[in-house]
Amino acid sequence: MDQVKVGGFIAQLRREKGWTQEELGERVGVTNKTVSRWENGNYMPSIELLTLMGREFDVSLNELIEGRRLESEEDFRAAADERLAKALRSPGERLRRWLERYGVFPAVTVILCVVIGLCFWWQHSYTQAHPMDESAAGSWCTDWNGTTGREEYLVFGVDGAYYRYRQFEPLEYGRYTADGPVVTVETRERRFQALIKGHGIYLPDGEGRLTAYEKGLGGDEGVGVFINVSPDDFEE
């Protein structure tokens, strides 16, 4: 259906009846602004409203859809055949005609927007269901403890080296291996396992409690930033 043609025909029929847009709106149950949108071709009435207007204007639904009076039986038959052909037209043919009318760029833009939206939705859904675990390699740090005045730092080197620094205490160092989220650490004094969950790593403190460390300090290259510790202390 041609919205502009239908709208012009509605305006023509309304003037022939001598009605204002407000009067037509009252007869079919809409506002005068809606009637104005119809007549300007900016909005298409529903089939129900077209049927109701057909009764008010004493014209057929076929004529309203065609946007003109159909004077003869041949006109009615031709209009009916054309609408039937449109209804039976394949989706591919409809797409081809749409592209001919509006061009390729709007279609590509719509497709890209849909694809990007689906990607963002999938990523958000997957992240909610599977929180991303960090890799072990890199530097980790606890929050500042205002009571003890201490921070703790970890370094898991890309070469398998492990360092743990507690302020005012000796440096602990050893080797580690990672198996998914489970990190096994072995030093000269002890052997223990740590767990990576989301953006944090959890280590036992030797007293049955876990200490949480957040990743970020020093980047992901396994290079740590320590307080009052010489790089020479990293040597095993």
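Here the residue numbers are simple positions, counted from 1 along each chain's written sequence. Where local features are concerned, this predicted model is filtered to residues with pLDDT of at least 70; where side-chain atom pairs are given and counted, the filter is 80 or more; whole-chain, interface and lining totals use all residues. Just so you know, side-chain values use all the structure's heavy atoms and leave hydrogens and water out.

Enquirer: I keep staring at a nonpolar patch on the surface and nothing clicks. Help me out?
Expert: Surface patches are defined over residues having more than 30% relative accessible area and no salt bridge, joining like charges when they lie within 9 Å and nonpolar side chains (Val, Leu, Ile, Met, Phe, Trp, Tyr) when within 5 Å. Computed with a 1.4 Å probe, the accessible areas rest on the Shrake-Rupley method; for each residue, only the protein chains presented here act as cover. Every case where a carboxyl oxygen of Asp or Glu lies within 4 Å of a side-chain nitrogen of Lys or Arg is listed as a salt bridge. A surface patch of nonpolar side chains, amounting to about 490 Å² of accessible area, comprises Val104, Val108, Leu112, Ile116 and Phe120. Tracing the backbone shows Leu112 in helix H8 (residues 104–129). The way it works is that DSSP assigns letters per residue, a run of H or I at least four long becomes a helix, a run of E at least two long becomes a strand, and they are numbered from the N terminus.

Enquirer: Would you mind showing me how to read the packing of aromatic side chains here?
Expert: The geometry of an aromatic ring pair comes down to the distance between the two centres and the angle between the two planes. In this analysis, rings of Phe, Tyr and Trp, with Trp reduced to its six-membered ring, are considered paired at centre separations within 6.5 Å, and the interplanar angle assigns stacked below 30 degrees, edge-to-face beyond 60, and tilted for intermediate values. For the structure on display, the rule yields 4 aromatic pairs. Here Phe156 and Tyr176 contribute two aromatic rings whose centre-to-centre distance is 4.9 Å and whose plane-to-plane angle is 85°, an arrangement assigned as edge-to-face. Linking Phe156 in strand E2 (residues 152–156) with Tyr176 in strand E4 (residues 172–179), this pair joins segments that are 20 residues apart in sequence. Relative accessibility decides the category of a residue: with a 1.4 Å probe and only protein chains considered, values under 20% of the type maximum give buried, values over 50% give exposed, and everything between is partly exposed. For Phe156, a relative accessible area of 0% puts it in the buried group. Their ring planes at 75° and their centres at 6.1 Å tell us that Tyr162 and Phe192 sit as a pair that is edge-to-face.

Enquirer: What should I look at first to understand the pairing of strand E6 (residues 191–197) in this one?
Expert: Sheet faces and side chains relate simply in a regular strand, where the side chains alternate between the two faces. Alternating residues of E6 divide into Phe192, Ala194 and Ile196, all buried, and Arg191, Gln193, Leu195 and Lys197, none buried. Pairing analysis gives 5 bridges linking strand E5 (residues 182–187) to E6, with the strands arranged antiparallel. Bridge pairing links Glu186 to Arg191 in E6. Linking E5 back to E6 in an antiparallel pair, the connection comprises 3 residues. We call two strands paired when DSSP finds no fewer than two bridges between them. By the bridge criterion, 3 bridges tie E6 to strand E7 (residues 200–204) in an arrangement that is antiparallel. Note that in E7 the partner of Leu195 across the bridge is Tyr202. Turn length for the E6-E7 hairpin, with the two strands adjacent in sequence and antiparallel, is 2 residues, and the turn residue Gly198 shows positive phi of about 65°.

Enquirer: Please explain helix H2 (residues 21–28) as it appears in this structure.
Expert: In an α-helix, one full turn covers 3.6 residues, which means residues spaced three or four apart are oriented alike. For H2, the full list of buried residues reads Leu24, Gly25 and Val28. Projected onto a plane normal to the axis of H2, the buried residues spread over an arc of 100° and lie on a single side. Residues are treated as being in contact if the distance between any of their heavy atoms lies within 4.5 Å. In this structure, the buried residues of H2 make contact with helix H1 (3–17), helix H3 (32–39) and helix H4 (47–57). This arc describes the spread of directions from the helix axis toward the C-beta atoms.

Enquirer: I keep staring at the pairing of E2 and nothing clicks. Help me out?
Expert: Where burial is concerned, most of E2 is hidden: 5 out of the 5 residues are buried. The two faces of E2 match: Glu152, Leu154 and Phe156 on one face and Tyr153 and Val155 on the other face are all buried. Pairing geometry for strand E1 (residues 138–141) and E2, over 4 bridges, is antiparallel. Within E2, the residue paired with Cys141 across the bridge is Tyr153. One ladder, built from 5 bridges, connects E2 with strand E3 (residues 161–166); its direction is antiparallel. Each residue of the ladder has a partner; that of Tyr153, found in E3, is Tyr165. Adjacent in sequence and paired antiparallel, E2 and E3 are bridged by 4 residues, among which Gly160 carries a positive phi angle near 95°.

Enquirer: Please explain the pattern of salt bridges as it appears in this structure.
Expert: For the structure shown, the criterion picks out 6 salt bridges. With a shortest N-O distance of 4.0 Å, Arg68 and Glu66 are connected by a salt bridge. A relative accessible area of 33% places Arg68 in the partly exposed class. Overall, Glu66 belongs to the buried group, its relative accessible area being 13%.

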